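Now for the letters of each chain:
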Amino acid sequence: GPAPPPRRRQEVRTPMQTVLFTKLFLGQGLEEVARATADLGFDGVDLLVRKGFHVDPGEPGKIAAAVKLLQAGGLRVPMATCDLTDPAGATAEPLLGALAQAGIGVLRLGYWKYDPARGYLGFLDQARRQLEGFEALGRKLGIKLAVQLHGDTIHGSGAQTYLLMKDRDPAFIGAYPDPGNQVVQDGREDWRFTFEVLRPWLCCVGMKNGGWFPKTLERSGQWRWHSDWMALPDGMVPWSDILAHLARQKFDGLLTFHSHYEVPYAQVLDRTRLDLGFARAAFAAGAA
């Protein structure tokens, strides 16, 4: 049938919201997602739409029921995450339409991977054309599509991501800095530059931290370093500085917490509770 009319975009600015990325709930039911997320004190969830998780991208008709279940637990669902990179793909428009109809305002897209054998410029041209297509879909359906800074892609840093963003309408294409990814994977740069260059498109920020350790000394004399995820206040990303900066800038988007801890489920929840408390305190200190 015909596409539903786009929801009228609200121009009223809302305060910053904290959401929990549902990837950590693999194997748990949606009821447990709702219970645990509300108990931890988050405003809402960042719903992962991926095969094997709570919502399958091939079944957009099930999105509305999932959102209603989470909302019944007192949670907002302002954001979702998927793996789409082709706006012309068969699942793109039905999925975006179902998310918009369910009231989800931001969808993180998939990754434009970097392959040195193919060369950067071809990737850049393709990604820019596809983002133009997503902008048109976003305008038609009433949803914003976000690009996350991520390793092994052509959008690992703010400088790289700016080249994808620079001609896109910030009402429908958003930037999603992830300083933890930048420190643990690639894309390292001055965090102040990242947030300055992407500021017109800034809509959400990935919340995680990590660090590097010398691991193996090779026969050549070269040390190989190893990275790992760490608690939000413990890693190399100076989150107290970044969150204070965002508060001073009156950031009113989404902080999405990733909790990539390879520990038992109960411990993941404990660490996530501490991360949320730390982040809220740092943001409040910057706003004071």
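The shown structure was predicted, so the numbers you read here are calculated from the model rather than taken from an experiment.

Asker: What is the right way to look at the packing of aromatic side chains in this model?
Answerer: A ring pair, where both rings are aromatic, is described by two values, the distance of the centres and the angle of the planes. Per the counting criterion, the structure on display carries four aromatic pairs. Taking 6.1 Å as the distance between ring centres and 70° as the angle between the ring planes, the aromatic pair formed by Phe25 and Tyr265 counts as edge-to-face. Within this pair, whereas Phe25 is found in the loop between strand 1 (17–21) and helix 1 (30–40), its partner Tyr265 is found in helix 9 (residues 265–287), the two being separated by 240 residues in sequence. Ring geometry for Trp191 against Phe195: centres 6.5 Å apart, planes inclined by 70°, an arrangement best described as edge-to-face. Placement of both Trp191 and Phe195 in helix 7 (residues 191–197) is noted, with a separation of four residues, approximately one turn of the helix. Summarising the burial analysis for this pair, Trp191 and Phe195 share the class buried. The ring of Phe123 is capped by Arg118, whose NZ or CZ atom sits 4.1 Å from the centre of that ring.

Asker: Can you help me understand the sheet that holds strand 4 (residues 106–108) in this one?
Answerer: Taking strand neighbours across the sheet as the criterion, the eight strands line up as 6-5-4-3-2-1-10-7 in an open arrangement whose pairing is parallel. The outermost strands of the open sheet, each flanked by one partner alone, are strand 6 (173–176) and strand 7 (204–207). Neighbour-to-neighbour, the strand axes of the sheet open up by a mean angle of 30°, direction not taken into account. Alignment of strand 1 against strand 2 (residues 44–48), held across three bridges, turns out to be parallel. Residue Leu20 lies in a different strand from strand 2, and its bridge partner there is Val45. Each of strand 7 and strand 10 (254–257) is contacted by helix 8 (residues 239–248), which is oriented at about 160° to strand 7, the strand it contacts most.

Asker: What should I look at first to understand the packing of helix 3 (residues 92–101) against helix 4 (residues 120–141) in this one?
Answerer: Each pair of packed helices can be described by the angle between their axes along with the distance between the axes. The contact between helix 3 and helix 4 brings their axes to 10 Å, and the two run at 40°. On the basis of the axis angle, helix 3 is oblique to helix 4. In this structure, the crossing between helix 3 and helix 4 has a hand that is right-handed. Where helix 3 abuts helix 4, its residues Ala92, Glu93, Leu96, Gly97 and Ala100 lie against Phe134, Leu137, Lys140 and Leu141. Taken together, the residues of the contact of helix 3 with helix 4 break down into six nonpolar, one polar and two charged.

Asker: Would you mind showing me how to read helix 9 here?
Answerer: Given 3.6 residues to a turn, an α-helix orients residues that are three or four positions apart in the same direction. Compared with an ideal rise of 1.5 Å per residue, which puts 23 residues at 33 Å, helix 9 spans 33 Å between its outermost C-alpha atoms and is within 8% of the ideal. Along helix 9, the residues classified as buried are Val268, Leu269, Thr272, Asp275, Leu276, Ala279, Ala282, Phe283 and Gly286. Tucked into the core, helix 9 has its buried residues touching strand 1, helix 1, strand 7, helix 8 and strand 10.

Asker: Help me understand the environment of Met236 in this model?
Answerer: Structurally, Met236 can be placed in the loop between strand 9 (223–230) and helix 8. With 52 residues separating them in the primary sequence, Met236 and Val184 have C-alpha atoms 8.7 Å apart. Setting aside chain neighbours within four positions, we find Met236 in contact with Val183, Asn209, Gly210, Gly211 and Trp212.

Asker: Just checking my understanding: could you explain the side chain of Gln17 for this structure?
Answerer: Looking at the element boundaries, Gln17 is found in strand 1. Within the structure, Gln17 has its side chain in polar contact with the side chain of Arg76 (distance 3.4 Å). What Gln17 contacts, discounting residues up to four positions off in sequence, is Asp43, Arg76, Pro78, Gly253, Leu254 and Leu255.

Reading guide: rules and limits
- Residues numbered from 1 in each chain as written.
- Predicted model: local features only at pLDDT ≥ 70, side-chain atom pairs only at ≥ 80, totals over all residues.
- Heavy atoms only, no water.
- Phe/Tyr/Trp six-rings, centres within 6.5 Å; stacked < 30°, edge-to-face > 60°.
- Helix = DSSP H or I, 4+ residues; strand = E, 2+ residues; numbered from the N terminus.
- Buried < 20%, exposed > 50% of the residue type's maximum accessible area, 1.4 Å probe, protein only.
- Lys NZ or Arg CZ within 6 Å of the ring centre and 35° of its normal.
- Pairing = 2+ DSSP bridges.
- Axes fitted to C-alpha atoms, helices over the stretch in contact; angles between N-to-C directions.
- Contact = heavy atoms within 4.5 Å.
- Parallel < 35°, antiparallel > 145°, perpendicular 65-115°, else oblique.
- Left-handed = near helix turned anticlockwise from the far one by under 90°.
- Nonpolar A, V, L, I, M, F, W, Y, C, P; charged D, E, K, R; others polar.
- Expected span 1.5 Å × (residues − 1).
- Polar contact = N/O pair within 3.5 Å; in protein donor to acceptor, adjacent residues only side chain to side chain.

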